Amino acid sequence: MGILIGIVVVFIVGLIVLYGLGGMLAFGMVFAGDKSKKKAEANAPAILDKAFVGEDVVFKINMESPKYETVVLGAKARGYRLMNETNNTASGDVKTLIFEKAT
């Protein structure tokens with residue numbers, strides 16, 4: 001009977017440790033994504049200058065790119081208009097934007 005109680009205790013402690021590690025991992029991913037987004041926003045003019053070359057431009061919005069609004073307004077300032085937009089995830093966090101050079 002004592003061995004059974006020991007096994008149950010070890011199992012419960014193991015679950016608590018796994019949930020704790022999962023929570024810390026999730027927090028770390030959110031923090032890293034926020035840091036990447038801030039860096040991309042700070043470098044947005046250079047990123048957009050490099051991306052918007054040619055007639056048609058495909059731009060992906062994700063955790064490591066400038067915000068949607070920054071990209072759309074930056075494209076407009078560079079003479080492009082948004083032609084199509086696709087949500088790549090159910091939450092809409094990842095999008096594919098297709099721009100066309102305005103004539």
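The structure displayed is predicted, hence computed values, not measured ones. (Residues numbered from 1 in each chain as written. Predicted model: local features only at pLDDT ≥ 70, side-chain atom pairs only at ≥ 80, totals over all residues. Heavy atoms only, no water.)

Student: It is not clear to me how the packing of aromatic side chains should be interpreted in this structure. Could you clarify?
Tutor: Under the counting rule described, the total for this entry stands at three aromatic pairs. Taking the centre distance of 5.1 Å and the plane angle of 75° together, the rings of Phe52 and Phe99 count as edge-to-face. Linking Phe52 in the loop between helix H2 (44-51) and strand S1 (56-61) with Phe99 in strand S3 (residues 95-101), this pair joins segments that are 47 residues apart in sequence. Neither residue differs from the other here; Phe52 and Phe99 are each classed as buried. (Phe/Tyr/Trp six-rings, centres within 6.5 Å; stacked < 30°, edge-to-face > 60°. Helix = DSSP H or I, 4+ residues; strand = E, 2+ residues; numbered from the N terminus. Buried < 20%, exposed > 50% of the residue type's maximum accessible area, 1.4 Å probe, protein only.)

Student: How should the sheet that holds S1 be read in this particular structure?
Tutor: Strands in a sheet are paired, the pairing made by backbone hydrogen bonds, and the direction either parallel or antiparallel. The strand order across the open sheet built from three strands is S1-S3-S2, with neighbouring strands paired in antiparallel fashion. The outermost strands of the open sheet, each flanked by one partner alone, are S1 and strand S2 (80-87). Taken over all neighbouring pairs, the strand axes of this sheet differ in orientation by 25° on average, direction set aside. Pairing of S2 with S3, which is carried by seven bridges, proceeds in the antiparallel orientation. For Tyr80, the partnering residue across the bridge sits in S3 and is Lys101. Sheet strands in contact with helix H3 (residues 68-77) are S1, S2 and S3, and its direction is about 10° off that of S3. (Pairing = 2+ DSSP bridges. Axes fitted to C-alpha atoms, helices over the stretch in contact; angles between N-to-C directions. Contact = heavy atoms within 4.5 Å.)

Student: So what exactly am I meant to see when it comes to the nonpolar core here?
Tutor: Generally speaking, soluble globular proteins have nonpolar side chains that are buried together. Within the largest apolar cluster, ten residues are counted, these being Leu48, Phe52, Val57, Phe59, Ile61, Val71, Ala75, Tyr80, Leu97 and Phe99. Mapped onto this core, the elements with two or more residues apiece are S1, H3 and S3. For this core, the leading source of residues is S1, giving three residues. Filtering out sequence-adjacent residues up to four positions away, Phe52 remains in contact with Val57, Phe59, Val71, Ala75, Arg78, Tyr80 and Phe99. (Core = buried A, V, L, I, M, F, W, Y, C linked by side-chain atoms within 4.5 Å.)

Student: Just to check I follow, could you spell out the environment of Ala42 for this structure?
Tutor: Mapped onto the elements of the fold, Ala42 is located in helix H1 (residues 2-42). With a relative accessible area of 61%, Ala42 lands in the exposed category. The spacing of Ala42 and Pro66 is 24 residues in sequence and 8.4 Å in space, taken between C-alpha atoms.

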